[in-house]
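# Architecture and fold: a report
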Amino acid sequence: MSRVAANTASRRRGGLADREGLLTWLFLLPSVVYLAALVLVPLALAIALALSGVTAAAPAYRFTGVRRFGSVLSDGAFWRALTGTLVVAGVSTVLVVLCGQVLAHVLLARFRGRWLVRPLVLLPWTTPAALSATSWRWLLDSAHSPAGRLLRAAGVASWHERPAMVLGTIVAVQVWRLTPLAAVVMAAGLTAIPRDVRDAARVDGAGAVRRAVEVVIPLALPSIAVAALLTAILTCADAAVAAVLTGPGGSPWTLAALAYARGIEGGALGRGAAIAVLLLPLPLAGAAVLLRAGRSPAEEAA
Amino acid sequence: MRVLETRGLVKVYEGRRKQHVRALDGVDLTTEQGECLALLGPAGAGKTTLLRTIAGLESPTLGEVHLGGHLMNGLPPRARRVGLVVPSHALYPHKSVRGNIEFPLKAEHVPRAMRERKARWAADLLGIPDLLGRRPGRLSADERRRVALARALVREPAVLLLDEPLAGVDPRSRAAARDELRSLQRRLGTAMICVTHDQAEATGLGDRVAVLDAGRLRQVGTPQDLYDEPVDTFVATLIGTPPMNLVPRGDRLIGFRPEHLLPAEEVPPDGRVTMPLRVDRIEHLSGDRHVYGRVTRIGRETRVIARLPATVTTPLAGGETREFAVPGDRVRFFDAEYGNRTAPVRIGG
C-alpha cells in the first residue's frame, strides 16, 4: 500500500520524460533551428538583396524598393530564360518519370548480377552536377569527341547558338542526372503495392498491360508524383548544368543560370537576387499542385 | 464430374541459406462439381501454397494440376477460370466496389452493358447492391469480404478458392456466415475449396475435409469419417473440441473422445472399457460439464477430459475418484511411436 503511494507521489513530481509538451518542443527545436538558419534567413537575405542596389563593386546596402523587379521584367533575357526554364523543367520531368519507371523495374527485378547493376544505376546521381556537365560539354563540344564530329557531320557547326540544341542538351544532362533519384523514389512506391493485390489482378484475368495501367500505375501514383515534384524543383533551381554547358560569356538559357550570370559573374548582386526571387514561385507552384494531386490516391489506399 | 484434380504436387522453395523447404510433398486431391472441400491444417502446413498452385500463382516443382480435365501446368492464372479470395481480400483500393467487381469481366472484354448486369447480379447475390458506388477504404471488414467474394464469382469460375473465407468475421456471426456461404455455393453449383485452420469451421463447412500437415495429406473424408475413424493421432487430436484423449499403454495409445467418457453407470455394460477417474476440476460450458482429471488402470496415468452432456446429472466434485467407462466400439488404437491407427488390443475390465 505504502509503496503504491510512494510511486504515485514520485510520478506527480514528474521527471523530464513525463512532460510531453516540453519534450515535443525539445525534439522539434533542432529542425526549427535548421529551417530558420538554412532556409528562412537566406530567403530573407535574398529578398533584401533584391530590394537593393548592391553590386560587387559597391557592397554598401542601398534600399531601392521594387524598382529592380521592373527592370528585370523588362529585360528580354529574363523572358527567354523563363521560357527556357519552363521547357527544360517540363520536358525533363516527363522524361525522368518515364525513364525512372523503367529503371525502377530494373532495380526491383531479380536477376543474376544485380549487385553490380544497382550501384551503376545510381552512379549519375552521385556525381556532382558541375562535374558531369563539364564532361558532357567536352563530349559534345571538343573537336575530337564523337558527338562533336557527328554534329559537325550533320552540318551543325556551333550548337551554342541554336536554342533547340541548347535546351535539348540541358534536358539530356538533367534527365541523365536525375533519373536515378526518381527511379529510387518510384521503386519504393512500387514495393509498397501489396503482393496480394497484384496477384488478384493476375487471377482476375488481367494481362500485363491491363495490370500496369489499371492497377500498378494508379497505386504507384503518389510515388510518381513525388518523383516528378523532385525533378521539377531540382531542374528549376539548378544553375550548374545550364551555366557550365553554355559556359561563361555564353547566353544563359535558364533563370537560375541567368541569376548566376548576372549576380555572381556580372557582379550585380541585387539584380541576380531579384531574378532568383522571381524564380521562386515556379517550384513552389509545382510543389503545391503535385502534393495536391498525390494526396487523393494515397489517402484512399490507406 | 471431376472439376479439379492434382496429381503428386510437390513445391520446393529455396529458403534462407540455400535450405530447401518442401511446402507441398506429393498432394493428390480431387473435387467434384458442386462440392465444398475444406482444407484443414495448422499454420505452415502448405494450405495457402496449394491454393496458389491451383490458381497458377505458383508453379509446382513436380506434379500436375488438372482443371475440367485439362492439364493446367504452365498456363497463367488468367487461363484457368478460378476465383480466389485471400484473407486480406486484396481489393483494388483506387476502384469503386463496382469497378472491383467488374474488373475480371473487363479483362475478358465483356461488353459494358453485360458487365453492369453481371456486377449487379453478383452484388445482389451477396447482399451488397447499395455499396456499388463506394470505395473499399470506406467498407467494414464484412463488406470487404462480400466484395471480394462477388469479384471472385462474377465470371462464374469452375472452382472457387477461398483462403480463410471467414477470417475477421466475429465469432457470434460465424455460423450464420458459414450457412450463407454454403447456400450461396449450392445455388451456384460451383466447386469450392476453403482453406481454414479451424477444425470446427472445416467440419461445419466442408462436404469433405482434407487434413494437410507439413505438405502431406493426412486424411481426406467426410467430417463424420474424420471424427469416427481418424487415421492417426494427428487427425484424432485435430478434429473435435476438446480433442481425443490418448492414454499410453505399452507400445499403443488408447484413444477415446471426451464425449464418450461417461460415468460407468451411464454406459451399457457389455463391451465397455472402465477406468477410475480422479476429478481435478469441472468446467460448465453451455450446459455440458467438462471434467478434467486423471485416469489409471487401462494404461499409464494420464490427464484426460470427459464431456458430460446436460442429460447426465451424476453429481461430481473435485478430488473425488469415480468409475468412468467408454463404449467398446468407441475406443481407437494408435501406434505409440508413429501415431498411425492399429488393430485393437484387449484391455480387459
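Definitions and limits used
- Residues numbered from 1 in each chain as written.
- Chains lettered and ligands numbered in written order.
- Predicted model: local features only at pLDDT ≥ 70, side-chain atom pairs only at ≥ 80, totals over all residues.
- Heavy atoms only, no water.
- Helix = DSSP H or I, 4+ residues; strand = E, 2+ residues; numbered from the N terminus.
- Buried < 20%, exposed > 50% of the residue type's maximum accessible area, 1.4 Å probe, protein only.
- Contact = heavy atoms within 4.5 Å.
- Areas by Shrake-Rupley, 256 points an atom, 1.4 Å probe, with all protein chains shown as cover.
- Lys, Arg positive; Asp, Glu negative; His and termini not counted.
- Charge placed at Lys NZ, Arg CZ, Asp CG, Glu CD.
- Salt bridge = Lys/Arg side-chain N within 4 Å of Asp/Glu carboxyl O.
- Phe/Tyr/Trp six-rings, centres within 6.5 Å; stacked < 30°, edge-to-face > 60°.
- Axes fitted to C-alpha atoms, helices over the stretch in contact; angles between N-to-C directions.
- Parallel < 35°, antiparallel > 145°, perpendicular 65-115°, else oblique.
- Left-handed = near helix turned anticlockwise from the far one by under 90°.
- Nonpolar A, V, L, I, M, F, W, Y, C, P; charged D, E, K, R; others polar.
- Expected span 1.5 Å × (residues − 1).
- Polar contact = N/O pair within 3.5 Å; in protein donor to acceptor, adjacent residues only side chain to side chain.
- Pairing = 2+ DSSP bridges.
- Right-handed = clockwise from strand over helix to strand, strands pointing away.
- Core = buried A, V, L, I, M, F, W, Y, C linked by side-chain atoms within 4.5 Å.
- Buried area = accessible area lost by both parts, 1.4 Å probe.
- pLDDT = per-residue confidence, 0-100.

For chain B, the count of helices and strands is eight helices and 18 strands. For chain B, the C-alpha atoms occupy an extent of roughly 75 × 45 × 40 Å along the three principal directions. Counting over 349 residues, chain B shows a buried share of 51%. Long-range pairs, those at least 24 residues apart, make up 63% of the contacts in chain B with a sequence separation of at least 6. In the structure as shown, chain B presents an accessible area of about 15900 Å², 49% of it carried by carbon and sulfur atoms. Between the averaged position of the 54 positive side-chain charges in chain B and that of its 43 negative side-chain charges there is a distance of 6 Å.

Summed over the entire model, instances satisfying the criterion amount to 44 salt bridges over all chains. For B:Arg216, the salt bridge identified is with B:Asp25, shortest N-O distance 3.1 Å. Remark: B:Asp25 occurs in strand E2 (residues 20-32) and B:Arg216 occurs in strand E10 (residues 216-221); sequence separation between them is 191 residues. For B:Asp25, a relative accessible area of 18% translates into the label buried. Notably, a salt bridge pairs B:Arg322 with B:Glu265, separated by 3.5 Å at the nearest N-O pair. On the criterion of sequence distance, the pair formed by B:Arg322 in strand E17 (residues 321-326) and B:Glu265 in the loop between strand E13 (262-263) and strand E14 (273-285) is long-range, its members being 57 residues apart. By relative accessible area, B:Arg322 is classed as partly exposed at 21%. Each of A:Arg195, A:Asp199, A:Arg202, B:Lys11, B:Arg52 and B:Glu58 takes part in salt bridges that share partners, so that together they form one network.

It is worth spelling out the packing of aromatic side chains at this point. Residues and elements named next belong to chain A. By the definition in use, this model includes two aromatic pairs over all chains. Measuring from centroid to centroid gives 5.2 Å for phenylalanine 78 and tryptophan 79, while their planes differ by 85 degrees, and the two rings are edge-to-face. Of the residues examined, phenylalanine 78 reaches a relative accessible area of 4% and is grouped as buried.

All names here are of chain A. Two numbers describe how helix H4 (residues 76-108) lies on helix H8 (residues 163-191): the axes approach to 5 Å, and their chain directions differ by 45 degrees. What the angle tells us is that H4 and H8 run oblique. Remark: the crossing between H4 and H8 carries right-handed chirality. Its residues placed into classes, the contact of H4 with H8 shows 22 nonpolar, eight polar and no charged.

We now examine helix H9 (residues 195-203) of chain A. Taken together, the buried positions of H9(A) are occupied by A:Val197, A:Asp199, A:Ala200, A:Ala201 and A:Val203. Looking at the buried residues of H9(A), the elements they touch are helix H10 (208-237) of chain A together with helix H1 (47-55), strand E6 (82-85), helix H2 (97-107) and helix H4 (141-153) of chain B.

Time to look at H4(A). Three- or four-residue spacings in an α-helix give side chains the same orientation, since the helix completes a turn every 3.6 residues. With 33 residues, H4(A) ought to run about 48 Å at 1.5 Å a step, and its terminal C-alpha atoms sit 47 Å apart, in line with that. The backbone nitrogen of A:Ala77 has a side-chain oxygen 3.0 Å away, supplied by the residue at the start of H4(A), namely A:Asp75.

Another aspect to go through is the sheet that holds strand E15 (residues 288-295) of chain B. Residue and element names in this part refer to chain B. With antiparallel pairing, the five strands of this open sheet are ordered in space as E13-E17-E14-E15-E16. Looking at which strands have only one partner, the edges of the open sheet turn out to be E13 and strand E16 (302-308). Across two bridges, the pairing between E13 and E17 is antiparallel. Within the sheet, the bridge partner assigned to proline 263 lies in E17 and is phenylalanine 324.

Either a parallel or an antiparallel arrangement is found when strands of a sheet pair, and the pairing is made through backbone hydrogen bonds. Residues and elements named next belong to chain B. Taken together, six strands build an open sheet; the order of strands is E6-E7-E8-E3-E9-E10 and the sheet is mixed. If you trace the sheet from one side to the other, it starts and ends with E6 and E10, each paired once. Strand after strand, the sheet turns through a mean of 15 degrees between neighbouring axes, direction not considered. Of the pairings in the sheet, the one linking strand E7 (residues 159-163) to strand E8 (residues 191-196) comprises five bridges and is parallel in character. Looking at the pairing, valine 159 lines up with alanine 191 of E8. Strand contacts of H1: strand E3 (36-40), E6, E7, E8 and strand E9 (208-213), with the helix running at about 150 degrees to E7, the strand carrying the most contacts.

Moving on, we get to the pairing of E7(B). All names here are of chain B. Of all five residues in E7, five are buried; the element is thus mostly enclosed. By the alternation rule, side chains of E7 split into Val159, Leu161 and Asp163 and Leu160 and Leu162, which are all buried. In the sheet, E6 pairs with E7 via four bridges, with the strands oriented parallel. Bridge assignment links valine 85 to a residue of E7, and that residue is leucine 162. With helix H5 (residues 174-188) bridging E7 and its parallel neighbour E8, the resulting β-α-β unit is right-handed.

Before going further, it helps to examine the nonpolar core. A:Ile170, B:Leu50, B:Val159, B:Leu161 and B:Ile193 are the most contacted members of the largest nonpolar core, which has 69 residues in total. Top element by residues in this core is H8(A). It accounts for twelve residues. Leaving out residues up to four positions away in the same chain, B:Val159 has contacts with B:Val3, B:Leu4, B:Leu67, B:Arg81, B:Val82, B:Gly83, B:Ala191 and B:Ile193. Within the second largest apolar cluster, 30 residues are counted, among which are B:Cys36, B:Ala123, B:Leu126 and B:Val147.

Moving on, we come to unusual backbone geometry. Residue and element names in this part refer to chain B. Cis geometry is found at the peptide bond from threonine 241 to proline 242, where omega equals -15 degrees. Along the chain, proline 242 falls in the loop between helix H8 (233-238) and strand E11 (245-249). One non-glycine residue, histidine 89, lies in positive phi territory at about 70 degrees. Among the secondary structure elements, histidine 89 is positioned in the loop between E6 and H2. At glutamate 156, a residue that is not glycine, the phi angle is positive and equals roughly 50 degrees. Following the sequence through the fold, glutamate 156 ends up in the loop between H4 and E7.

Residue-level contacts link 19 residues of chain A with 24 residues of chain B. Around 2000 Å² of area is buried between chain A and chain B when both sides are counted, 57% of it from carbon and sulfur atoms. Ranking the residues of chain A by area buried against chain B places A:Val203, A:Asp204 and A:Glu214 at the top, with a combined share of 32%. With a shortest N-O distance of 2.8 Å, A:Asp199 and B:Arg52 are connected by a salt bridge. For the interface between chain A and chain B, the tally reads eleven residue pairs in polar contact (both at pLDDT 80 or more). If you list the elements that add at least two residues to the side of chain A that touches chain B, you get H9, H10 and helix H14 (281-301) of chain A. No other element matches the eight residues that H9(A) contributes to the side of chain A that touches chain B. Classifying every residue of the side of chain A that touches chain B by side-chain character gives nine nonpolar, two polar and eight charged.

On average, residues of chain B score 92 in pLDDT, and 99% of them reach the 70 mark or higher. For this predicted complex, the interface confidence comes out at an ipTM of 0.85, alongside a pTM of 0.78.

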